[in-house]
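Spelled out, the chains give:
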Amino acid sequence: YLTVFEGKLPRVIDSAEVKNGAFEFSGDCAVPIFAAVETPDVPLVRFFLENSPMIRIVGAADRPQDIRVTGSATEDLYRQFLGQVDSVAKLLDSDSVKLSSTRIAFDLEKQRDSLGRVFVRKHSGSVAAAYVLFRGLSYEMSAKEIRQALDGLTPPASASVYAELLEKMAAALARTEPGQKYVDISVPDTAGMELPLSRFVGEGKYVLLDFWASWCPPCRAEIPNLVTAYKEFHSKGFEIYAVSLDKNRKAWLDGIKMFKMDWPQVGTLKFWESAAAETYGVRSIPSNVLIGPDGTILARNLMGSALLQKLGELL
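Just so it is clear, the model here is predicted, and its values are computed rather than measured.

**Some words on the overall build of the protein chain**
Stage number 1. When you go through the protein chain residue by residue, the secondary structure sums to 10 helices and 13 strands.
Stage number 2. Taking the principal axes of its C-alpha atoms as reference, the protein chain extends roughly 65 × 40 × 40 Å.
Stage number 3. Looking at the protein chain residue by residue over its 315 residues, the buried ones come to 43%.
Stage number 4. Look at the contacts in the protein chain between residues 6 or more apart in sequence, and 60% of them connect residues 24 or more apart.
Stage number 5. Surface accessibility of the protein chain: about 16800 Å² in total, with carbon and sulfur atoms responsible for 52%.
Stage number 6. Measuring between centres, the 36 positive side-chain charges of the protein chain sit 3 Å from its 39 negative side-chain charges.

**Details of the nonpolar core**
Stage number 1. L197, L209, F211, Y241 and Y280 are the most contacted members of the largest nonpolar core, which totals 47 residues.
Stage number 2. Those elements that provide at least two residues to this core are β9 (206-212), α7 (217-233), β10 (238-244), α8 (249-258), α9 (275-279), β12 (287-291), β13 (297-300) and α10 (305-314).
Stage number 3. Of the residues forming this core, the biggest block, seven residues, is contributed by α7.
Stage number 4. In contact with F211, other than residues within four places in its own chain, are V243, L245, A276, A277, Y280, V282, I285, P286 and S287.
Stage number 5. Among the nonpolar cores identified, the runner-up in size contains 45 residues, and F5, V37, F81 and L150 belong to it.

**Looking at the packing of aromatic side chains**
Centre distance and the angle of the planes are the two values used to describe a pair of aromatic rings.
Stage number 1. Scanning all chains against the criterion turns up 17 aromatic pairs.
Stage number 2. Ring geometry for F34 versus F48: centroids 5.0 Å apart, planes at 55°, classification tilted. Of this pair, F34 sits in strand β3 (residues 33-38) while F48 sits in strand β4 (residues 43-49), and the two are 14 residues apart along the sequence.
Stage number 3. F34 gets classed as buried once you look at its relative accessible area, which sits at 4%.
Stage number 4. Look at F48 and you get buried, because its relative accessible area is 0%.
Stage number 5. Relative to Y162, the ring of F134 has its centre 5.8 Å away and its plane inclined at 35°; by these criteria the two rings are tilted. Of this pair, F134 sits in helix α4 (residues 127-137) while Y162 is found in helix α6 (residues 161-175), placing the two residues 28 residues apart along the sequence.

**Looking at the packing of α7 against α10**
The description of two packed helices rests on the angle between their axes and on the distance between the axes.
Stage number 1. Direction vectors running N to C along α7 and α10 enclose 15°, while the axes themselves pass 10 Å from each other. Looking at the two axes, α7 sits roughly parallel to α10. For the element pair α7 and α10, the recorded crossing hand is right-handed. Here α7 contributes L226, T228, A229, E232 and F233 to the contact with α10, which in turn contributes L307, L308, L311 and G312.
Stage number 2. Of the residues in the contact of α7 with α10, the class split is six nonpolar, two polar and one charged.

**Some thoughts on the sheet that holds β4**
Stage number 1. Strand order in the open sheet formed by four strands is β2-β1-β3-β4, with antiparallel pairing between adjacent strands. The open sheet has two edge strands, β2 (10-14) and β4, and neither has a second partner. Within the sheet, the average angular offset between the axes of one strand and its neighbour, ignoring direction, is 35°.
Stage number 2. Pairing of strand β1 (residues 2-5) with β2 involves four bridges; the strand directions are antiparallel. Residue pairing in the sheet places F5 in a bridge with P10 of β2.

**Some details on the pattern of salt bridges**
Stage number 1. Considering all chains together, one arrives at seven salt bridges under this definition.
Stage number 2. A salt bridge links E164 to K168, with the nearest nitrogen and oxygen atoms 3.7 Å apart. Of this pair, E164 and K168 both sit in helix α6, four residues apart, which is roughly one turn of that helix.
Stage number 3. Residue E164 is classed as partly exposed on the basis of its relative accessible area, which comes to 46%.
Stage number 4. Put simply, D254 and K250 hold a salt bridge, and the shortest N to O gap is 2.7 Å. Placement of both D254 and K250 in helix α8 is noted, with a separation of four residues, approximately one turn of the helix.
Stage number 5. Look at D254 and you get partly exposed, because its relative accessible area is 34%.
Stage number 6. The exposure class assigned to K250 is exposed, which follows from its relative accessible area of 58%.

Here is what the cut-offs are and how they apply
Residues numbered from 1 in each chain as written. Predicted model: local features only at pLDDT ≥ 70, side-chain atom pairs only at ≥ 80, totals over all residues. Heavy atoms only, no water. Helix = DSSP H or I, 4+ residues; strand = E, 2+ residues; numbered from the N terminus. Buried < 20%, exposed > 50% of the residue type's maximum accessible area, 1.4 Å probe, protein only. Contact = heavy atoms within 4.5 Å. Areas by Shrake-Rupley, 256 points an atom, 1.4 Å probe, with all protein chains shown as cover. Lys, Arg positive; Asp, Glu negative; His and termini not counted. Charge placed at Lys NZ, Arg CZ, Asp CG, Glu CD. Core = buried A, V, L, I, M, F, W, Y, C linked by side-chain atoms within 4.5 Å. Phe/Tyr/Trp six-rings, centres within 6.5 Å; stacked < 30°, edge-to-face > 60°. Axes fitted to C-alpha atoms, helices over the stretch in contact; angles between N-to-C directions. Parallel < 35°, antiparallel > 145°, perpendicular 65-115°, else oblique. Left-handed = near helix turned anticlockwise from the far one by under 90°. Nonpolar A, V, L, I, M, F, W, Y, C, P; charged D, E, K, R; others polar. Pairing = 2+ DSSP bridges. Salt bridge = Lys/Arg side-chain N within 4 Å of Asp/Glu carboxyl O.

By themselves, these figures tell us nothing about what the structure is for.
So, in structure tokens, the structure goes:
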């Protein structure tokens, strides 16, 4: 199967039968795009698909780590970038860093991001740069920062699906940044009944719009902070409206019960195909938005003690 990555979820665009250990796809690709070749059981290799006389994929299906791709200039450039960040990535995953201070990990993450920003500026016309900007850098960027980065892209990068996705993300973040009025959403609750966010906003309430999923380890780590905040401030006017990005109903309901999340819960069970998450420019979880009684967005992504401190000031 030939799959392309146009966002969070992949999309199969073609299939071919393997004959005598070989297969072939042919077609036209107006702008390079990140893609994959996979069997029904095994993801084999990811690479940049583009118009080329011949992109060759050579290797053994039982050793996907040794598969090699040649014939794609965008892929060659992207591999060069991965080689640059590989040493930093290995350090971040090492036991010594995991057991050391968070400061070391923070510095390594800054170094990795710096390499990405340099790559995007240096290769502003390559779709590989647009992909690095979308997949690796945009998670922590504001709407203004994303737009500034987009302004630096040139064709074909600026015409890629990743530039298009970043433009939509920047627009969503701009509409929902602190100081803006909240955007109402309505999502089915655990009983399947539509439950609008607007039912809770107002009347002296401070509402935390929280995006999470039971499959997300950072979300599970953050939940005890939400439980503490809810117990301390709910009677004083604090409410949580939790949007789940789960795709399994049982896992979602079990997670709510296990973590004793006694606040309104909604979800569509469509994983990252969440209109609510798209409306608020959410690309990673946990993520949250604090909304004041008059509907004004007061803050984004208040985690841990920062949430308790802010609620203490307000309530």
